[in-house]
Amino acid sequence: MHFKWAGAASLAGMLLGAGFLLPGLWFLALVGIVPLLAALKESRAFSAAALYGWITSFVISLLALAPIFWGTLPLDWYGISSLSAQWFLVGGSWVLASAVLALGGSAFGVFVHWYGSDSWKDVLIVPAAWVVSEWLGSLLFSVIGAGPGSFIGAHFTLHYIGYILANDPPLLQLAWLGDVYALSFAGLAIGVLIYRVIYASSIKERRVLSVCAVLIMCVWIAAHPLVKYWSTVSRVATKNSASSLSLAAVSRYAPPLFLPSGDEERQRFEALRALITPLHDIDVLVFPENAVFLRSIPEEESSAVENELREIGVNNTPPLSIDSEDIREADGFLYSRLAYTGGDASVVYSYKQFLLPLGEYTPYVYRVLLKLFGGEILLEKVVRVRGYAQGPFADTASFRGAELGARFCDEAMSPELYRQQVVQGAHVLVNLSSQSWFHGSRLVYEEMKQVARVRAVSLGRWYVQSGNMAPAFVLDEYGQIVGETQWGIPQ
């Protein structure tokens, strides 16, 4: 290993991942691959190439995962009071998760070293290899982080650089061709093109590639007003559609509670009630994750609340409410379950399938480590309270000519889960979100909004997200914001 080229690989990671922490610097991802390719070109062994690829991916993952890991502090809601223990657990988990996700980068480095091409074909082959490396990193992450309730597959995609490019409306539209994979490919292709212009083997090649780069720039500039126009036309058409729905997504600000008391649950119910009673002519009402509004209705007030819901709805009909709760079913397992309730639809249940490690299940590797270091009591408590099981299915619901597919918070990261509901016929994608774990981190919110934009465009569907400790928002099928609540104000 040469320290100069290891530094170049680190620089590549910082350029490629800077947009995760500073969205305004998203364009750096378009040139970030150049230092890594220069390092791989000088690598003399597969081991060095693997290390350079791993370093770049490791830095990217550190930047991408920093908000969701460090946003969890303080961990008092998790039952850990020691500040040093919190920092050790969060920091260690952050580094370990990033290291595992970066294993795909090692495969990328080995491939580029073996491939050894030096031609225009690199513009197609190298980006494709990067996309495969991101997918491989996600797959290995699910395998190494396996545990009771885990979901094996490339579903954790938060570190994909394609999400950074979602900051640009024209580039975002490429998600229609292949979800976040197409965006990652496009970003790397531009970077490789720039690399080839710099290191072209002939003047003729440099000229041809330079012309291609200029043409791409012209198309990109011209696409900005076109995307805005298409989005406007789409909104008008949707509004005038016979099957159009009036949706309200609730945004509240309730701190995380490890074990809420009866009084705290009552306060949560009254706060939500106060938010929805001013609404009128609503077809669909979306609550944040685990709001438990419908289940919390006191028996003596059920008639009054039912009348309030009728007043909220259209033609004195209660809206279709999408609410969720944690429920321990007859099999003894704890599930996150949502229900489509009210209106002219019967109750339809749907379950969370993609669970986050540590937050919703404890990976086997952590179980072993906790037992080795005397953390059996903590492990038992976490498993008892936050040891969720993977749900058996995620259903959709029909309402007034439209099919709605709802899922929970982090499930939006999976390129496959919402697609399954679209195959079932979903016209509108709904996300019940809560960022209470992250104490309302703006960076986490922005990252998840970029994820939502990619899902909306790739599937060609409107996307509605409720929120706890973060705003609620609505996206059209072009990933453009139609409506968004204000920060810090329950709405």
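Scroll up to find the structure.
Basis of the calculations
Residues numbered from 1 in each chain as written. Predicted model: local features only at pLDDT ≥ 70, side-chain atom pairs only at ≥ 80, totals over all residues. Heavy atoms only, no water. Helix = DSSP H or I, 4+ residues; strand = E, 2+ residues; numbered from the N terminus. Rg over C-alpha atoms; globule rule 2.2 N^0.38 Å. Buried < 20%, exposed > 50% of the residue type's maximum accessible area, 1.4 Å probe, protein only. Contact = heavy atoms within 4.5 Å. Areas by Shrake-Rupley, 256 points an atom, 1.4 Å probe, with all protein chains shown as cover. Lys, Arg positive; Asp, Glu negative; His and termini not counted. Charge placed at Lys NZ, Arg CZ, Asp CG, Glu CD. Phe/Tyr/Trp six-rings, centres within 6.5 Å; stacked < 30°, edge-to-face > 60°. Pairing = 2+ DSSP bridges. Polar contact = N/O pair within 3.5 Å; in protein donor to acceptor, adjacent residues only side chain to side chain. Salt bridge = Lys/Arg side-chain N within 4 Å of Asp/Glu carboxyl O. Patch = residues over 30% accessible without salt bridge, like charges linked within 9 Å, V, L, I, M, F, W, Y side chains within 5 Å. Axes fitted to C-alpha atoms, helices over the stretch in contact; angles between N-to-C directions. Parallel < 35°, antiparallel > 145°, perpendicular 65-115°, else oblique. Left-handed = near helix turned anticlockwise from the far one by under 90°. Nonpolar A, V, L, I, M, F, W, Y, C, P; charged D, E, K, R; others polar.

(A) Representation of the overall build of the protein within the structure. Broken down by element type, the protein carries 16 helices and 13 strands. By the compact-globule yardstick of 23 Å for 491 residues, the protein fits well, its C-alpha radius of gyration being 24 Å. Counting over 491 residues, the protein shows a buried share of 55%. Considering only contacts in the protein between residues 6 or more positions apart, those separated by 24 or more positions represent 72%. Of the roughly 20900 Å² of accessible surface on the protein, 65% is carried by carbon and sulfur atoms. Across the protein, 33 positive and 40 negative side-chain charges occur, with their mean positions spaced 10 Å apart.

(B) Up close: the packing of aromatic side chains. Tallying each qualifying case throughout the model produces 19 aromatic pairs. Ring centres of Trp70 and Trp94 lie 5.6 Å apart, and the angle between their planes is 75°; this geometry places the pair in the edge-to-face category. On the criterion of sequence distance, the pair formed by Trp70 in helix 3 (residues 46–70) and Trp94 in helix 4 (residues 83–101) is long-range, its members being 24 residues apart. A relative accessible area of 18% means that Trp94 is categorised as buried.

(C) Structural view of the pairing of strand 7 (residues 396–399). Sheet topology places strand 7 next to strand 8 (residues 402–408); four bridges connect them, and they run antiparallel. Looking at the pairing, Thr396 lines up with Gly405 of strand 8.

(D) Here's a closer look at the side chain of Gln450. In this structure, Gln450 sits in helix 16 (residues 442–459). Separated by 2.4 Å, the side chains of Gln450 and Arg453 make a polar contact.

(E) Examining the pattern of salt bridges more closely. The final tally for this structure, using the stated rule, is 18 salt bridges. For Glu265, the salt bridge goes to Arg268, with nearest N and O atoms at 3.9 Å. Of this pair, Glu265 and Arg268 both sit in helix 11 (residues 262–276), separated by three residues, roughly a single helical turn. Judged by its relative accessible area of 26%, Glu265 is partly exposed. Overall, Arg268 belongs to the buried group, its relative accessible area being 15%. Among the charged side chains, a salt-bridge network with shared partners connects Arg266, Glu270, Arg273, Glu301 and Glu308.

(F) Region of interest: the environment of Phe438. Its place among the elements puts Phe438 in the loop between strand 9 (428–432) and helix 16. The sequence separation of Phe438 and Trp70 amounts to 368 residues, and the corresponding C-alpha distance is 7.9 Å. In contact with Phe438, other than residues within four places in its own chain, are Ile68, Gly71, Thr72 and Val444.

(G) Here's a closer look at a nonpolar patch on the surface. On the surface, a cluster of nonpolar side chains totalling about 520 Å² of accessible area is made up of Val365, Val368, Leu369, Leu372 and Phe373. The residue Leu372 is located in helix 13 (residues 364–372) in this model. What makes Leu372 exposed here is its relative accessible area of 64%.

(H) Here's a closer look at unusual backbone geometry. In this chain, Leu73 is followed by Pro74 through a cis amide linkage whose omega measures -5°. Among the secondary structure elements, Pro74 is positioned in the loop between helix 3 and helix 4. If you check the backbone angles, Asp281 has positive phi at about 55° while not being a glycine. Positioned with a positive phi, Asn290 is a non-glycine residue whose angle comes to about 60°. Its location among the elements puts Asn290 in the loop between strand 3 (284–286) and helix 12 (302–312).

(I) View of the packing of helix 5 (residues 103–115) against helix 6 (residues 122–144). In the contact formed by helix 5 and helix 6, the axes pass within 7 Å of each other and the chain directions differ by 150°. As judged from the angle between their axes, helix 5 and helix 6 are roughly antiparallel. Crossing of helix 5 against helix 6: the hand is right-handed. Listed contacts from helix 6 to Leu103, Gly104, Gly105, Ala107, Phe108, Phe111 and Tyr115 of helix 5 are Asp122, Ile125, Val126, Ala129, Trp130, Ser133, Leu136, Gly137, Leu140 and Ile144. Of the residues that constitute the contact of helix 5 with helix 6, the class distribution is 12 nonpolar, four polar and one charged.

(J) Geometry of the sheet that holds strand 7. With mixed pairing, six strands are arranged side by side in an open sheet as 7-8-9-10-12-13. The open sheet terminates on both sides in strands that have one partner only, identified here as strand 7 and strand 13 (481–484). With strand direction ignored, the average angle separating the axes of adjacent strands in the sheet is 20°. Two elements, strand 10 (residues 462–465) and strand 12 (residues 473–475), share three bridges in a ladder whose sense is antiparallel. Across the sheet, the residue bridging to Tyr463 is Leu475, located in strand 12. Each of strand 9, strand 10, strand 12 and strand 13 touches helix 16; the most contacted strand, strand 12, lies at about 30° to it.

(K) Spotlight on the packing of helix 3 against helix 16. Put simply, helix 3 and helix 16 touch, their axes get as near as 8 Å, and they point 125° apart. As summarised for this structure, helix 3 and helix 16 are arranged oblique, according to the angle between their axes. At the point where helix 3 passes helix 16, the crossing takes the left-handed sense. Contacts from Ala64, Pro67 and Ile68 of helix 3 reach helix 16 at Leu443, Val444 and Glu447. Of the residues that constitute the contact of helix 3 with helix 16, the class distribution is five nonpolar, no polar and one charged.

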